[in-house]
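Commentary on secondary and tertiary structure
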Amino acid sequence: MIPQAVTAAPARAERRRPTAPGDPEGAVSMGSRPTSGGTGSGVRSRSQNQRRKRIIQAAAALASRGGVEAMQMRTVAERAGVALGTLYRYFPSKMDLVVAVVSEEFELLEQSIERRPPSAPDAAGRAVDVLMRATRGLMREPELADALIRSLIMAEADIPFGERMAALLLRVSSPSTSPEQATEEELALVGSLASVWVHELLEMLRGRRTYDRIQRHIEIAAARLLADFA
């Protein structure tokens, strides 16, 4: 039941930012980037990137208010100010668009970690920092988080969300170890911790977990799973 993919969001004027406890930078994305459609000049490439970002922002704004059901391709195109055919060139399907929104969220989480790395002295503490930062980011957009995660689960999308989160956890837990150098056991342990987090997140979205309860469960899991990490 655990999906293979969990996503930080740019400042979107049209998306609500409810108050969440703690860090103001945390946020959560997953997936792949569609091609921009040719080499072109630098100006053309920037224009394509800006158009792609407008589409993602429009899709996120719709999903944050009405779930993935509100992300109708024609509606997204109209909101982004692009032709429907243009939208399909960037995102051939609705699921591709969902993946792009989630991916952008995750990329911004990674950027937040790069700007301000976890400072805890032990691996478990650093991993908890990352996961709770991601949780705070999602709490700011609970409707969007719920819509995206449920959509990915229902579609069984092949998105390495769990793998991506596990790689991030490995990086902060054991900075000297790359995913290629990690042992099967190390990868399994950080992957298990990422899965625990996804489960706790889903429980929160269902109203069965408080923020404090999630943090406590994550702290317990991290202490056990990462006890032998440097």
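Residues numbered from 1 in each chain as written. Predicted model: local features only at pLDDT ≥ 70, side-chain atom pairs only at ≥ 80, totals over all residues. Heavy atoms only, no water.

With an unreviewed UniProt entry as reference, the protein chain is termed Regulatory protein, tetR family, source organism Thermostaphylospora chromogena.

Before going further, it helps to spend a moment on the packing of aromatic side chains. Tallying each qualifying case throughout the model produces one aromatic pair. Measuring from centroid to centroid gives 6.4 Å for Tyr90 and Phe91, while their planes differ by 35 degrees, and the two rings are tilted. (Phe/Tyr/Trp six-rings, centres within 6.5 Å; stacked < 30°, edge-to-face > 60°.)

Glancing now at the pattern of salt bridges. When the charged atoms of two side chains with opposite charge come close together, those side chains can pair. Within this structure, the stated rule accounts for ten salt bridges. We note a salt bridge from Glu110 to Arg164, for which the minimum N-O separation is 3.1 Å. Remark: Arg164 occurs in helix H7 (residues 161-173) and Glu110 occurs in helix H4 (residues 94-115); sequence separation between them is 54 residues. The exposure class assigned to Glu110 is buried, which follows from its relative accessible area of 19%. Residue Asp129 is joined to Arg133 by a salt bridge in which the shortest nitrogen-to-oxygen separation is 3.0 Å. Residue Asp129 and its partner Arg133 are both found in helix H5 (residues 123-139); the two are separated by four residues, about one turn of the helix. (Salt bridge = Lys/Arg side-chain N within 4 Å of Asp/Glu carboxyl O. Helix = DSSP H or I, 4+ residues; strand = E, 2+ residues; numbered from the N terminus. Buried < 20%, exposed > 50% of the residue type's maximum accessible area, 1.4 Å probe, protein only.)

Its 15 residues give helix H9 (residues 211-225) an end-to-end C-alpha distance of 21 Å, which sits within 8% of 21 Å, the value for a rise of 1.5 Å per residue. Every buried residue belonging to H9 is among Tyr211, Ile214, Ile218, Ala221 and Ala222, and all of these are buried. On an axial view of H9, the arc spanned by its buried residues comes to 100 degrees, and they lie on one face. Residues of H9 that are exposed and point over 90 degrees away from its buried face: Asp212 and Arg224. (Expected span 1.5 Å × (residues − 1). Arc of directions from axis to C-beta.)

It is worth spelling out the confidence of the model for the protein chain at this point. Mean pLDDT for the protein chain: 79, with 76% of residues reaching 70 or above. When the elements of the protein chain are averaged for pLDDT, helix H6 (residues 142-155) gives the smallest value, 70, and H9 the largest, 96. Counting interchain partners and residues more than four positions distant, the pLDDT-below-50 stretch residues 1-39 has 157 contacts. (pLDDT = per-residue confidence, 0-100. Contact = heavy atoms within 4.5 Å.)

One finds Met165, Leu169, Leu193 and Trp197 to be the most contacted residues of the largest nonpolar core, which totals 37 residues. Elements supplying a minimum of two residues to this core: H4, H5, H6, H7, helix H8 (184-205) and H9. Core analysis: the second largest hydrophobic core is formed by 25 residues, Ala60, Val68, Val82 and Leu97 among them. (Core = buried A, V, L, I, M, F, W, Y, C linked by side-chain atoms within 4.5 Å.)

Between helix H1 (residues 42-66) and H4, the least distance of the axes is 10 Å, while the angle of their chain directions is 95 degrees. For the element pair H1 / H4, the angle class is roughly perpendicular. In this structure, H1 uses Arg52, Lys53, Ile55, Ile56, Ala59 and Ala60 to contact H4, whose residues at the interface are Leu97, Ala100, Val101 and Glu104. (Axes fitted to C-alpha atoms, helices over the stretch in contact; angles between N-to-C directions. Parallel < 35°, antiparallel > 145°, perpendicular 65-115°, else oblique.)

What follows is about the packing of H1 against helix H2 (residues 73-80). Packed helix pairs are specified by the crossing angle of their axes together with the interaxial distance, meaning the distance between the axes. Look at H1 against H2: their axes get within 8 Å of each other, and the N-to-C directions meet at 120 degrees. Put simply, H1 runs oblique to H2. Crossing hand, H1 versus H2: right-handed. Every residue of H2 that contacts H1 at Arg54, Ile55, Ala58, Ala59, Ala61 and Leu62 is listed here: Thr75, Val76, Arg79 and Ala80. Tallied by class, the residues present in the contact of H1 with H2 amount to seven nonpolar, one polar and two charged. (Left-handed = near helix turned anticlockwise from the far one by under 90°. Nonpolar A, V, L, I, M, F, W, Y, C, P; charged D, E, K, R; others polar.)

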